[in-house]
Amino acid sequence: MPNDELVRFSITVPEDLLNEFEESYYSENRANRSEAVRNLMRGYISGERWKSNNKKVCATITLVYDHHLPEVTRKLTAAQHDSGEIIICSTHVHLNHSTCLECIITKGLADNIKCFIEALKNIRGVKSLNVNVTSEL
Ligand code: NI
């Protein structure tokens, strides 16, 4: 059961660091100081979970590929069926006559998602692959 009760703590930082932080991140994101620090903590923890391999994360994978190349569509579908337990959903967009964009949302152990990504990268016809990792915190 998650415990989302708020706790207060104080930290000490150099004044220059705080000023620069507030001028850039804090003002740009229009968050209050606590929310800004919470967001940075969440981002850090998601990155650490991703590196750990055995922690749960969510990853959004965006692929661009040439569907005219032989077998690419079949191989992409087969890879997704092989990793069906981590795939939440996917969306396909036809960018132009030959190029497709596919966005695949995954949730599971970082290691399993990384294996799935490696399988996608090995498919000839995949022109780009971007991954955005987050977690439920
Ligand atoms: Ni398409």
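Since the model is a prediction, treat every value here as computed from it, not as a measurement.

Moving on: the sheet that holds strand 4 (residues 126-134). Taken in spatial order, the 4 strands line up as 2-3-1-4 in an open sheet, and their pairing is antiparallel. The two strands at the open ends of the sheet, each matched to only one other strand, are strand 2 (87-94) and strand 4. In this sheet, adjacent strand axes meet at a mean angle of 15 degrees when their direction is disregarded. As defined by bridge partners, strand 1 (residues 56-66) adjoins strand 4 across 8 bridges and the pair is classed as antiparallel. Its bridge partner lying in strand 4, threonine 62 is registered against asparagine 130. In the packing of helix 3 (residues 72-82) onto the sheet, contacts are made with strand 1, strand 2, strand 3 (99-109) and strand 4, and the angle to strand 1 comes to roughly 170 degrees.

Summed over the entire model, instances satisfying the criterion amount to 7 salt bridges. Measuring nitrogen to oxygen at the nearest pair gives 2.6 Å for the salt bridge that ties arginine 38 to glutamate 35. A residue pair is termed a helical-turn pair when its members lie 3 or 4 positions apart in one helix, as arginine 38 and glutamate 35 do in helix 2 (residues 33-52) at 3 residues. Accessibility expressed as a relative area gives 24% for glutamate 35, which makes it partly exposed. The partner of arginine 74 in a salt bridge is glutamate 71, with the nearest N and O atoms 2.8 Å apart. Assessed through its relative accessible area of 41%, glutamate 71 is described here as partly exposed. Each of Glu35, Arg38 and Arg42 takes part in salt bridges that share partners, so that together they form one network.

What follows covers the side chain of arginine 49. Of note, arginine 49 is situated in helix 2. In contact with arginine 49, not counting residues within four places along its chain, are Lys55, Lys56, Val57, Ala110, Ser135, Glu136 and Leu137.

A word on helix 4 (residues 110-121). Along its 12 residues, helix 4 runs 16 Å from first to last C-alpha, staying within 8% of the 16 Å computed at 1.5 Å per residue. Its buried side turned inward, helix 4 meets helix 2, strand 1, helix 3, strand 2, strand 3 and strand 4.

Moving on, we come to the nonpolar core. Membership of the largest hydrophobic core comes to 20 residues, with the highest contact counts inside it found for Ile61, Leu63, Leu76, Ile104, Ile113, Phe116 and Leu120. Elements with a contribution of two residues or more to this core: strand 1, helix 3, strand 3 and helix 4. Aside from chain neighbours lying at most four places away, what touches isoleucine 104 is Ala59, Thr60, Ile61, Leu63, Gln80, Ile87, Cys89, Ser90, Phe116 and Leu120.

Analysis parameters
- Residues numbered from 1 in each chain as written.
- Predicted model: local features only at pLDDT ≥ 70, side-chain atom pairs only at ≥ 80, totals over all residues.
- Heavy atoms only, no water.
- Pairing = 2+ DSSP bridges.
- Helix = DSSP H or I, 4+ residues; strand = E, 2+ residues; numbered from the N terminus.
- Axes fitted to C-alpha atoms, helices over the stretch in contact; angles between N-to-C directions.
- Contact = heavy atoms within 4.5 Å.
- Salt bridge = Lys/Arg side-chain N within 4 Å of Asp/Glu carboxyl O.
- Buried < 20%, exposed > 50% of the residue type's maximum accessible area, 1.4 Å probe, protein only.
- Expected span 1.5 Å × (residues − 1).
- Core = buried A, V, L, I, M, F, W, Y, C linked by side-chain atoms within 4.5 Å.

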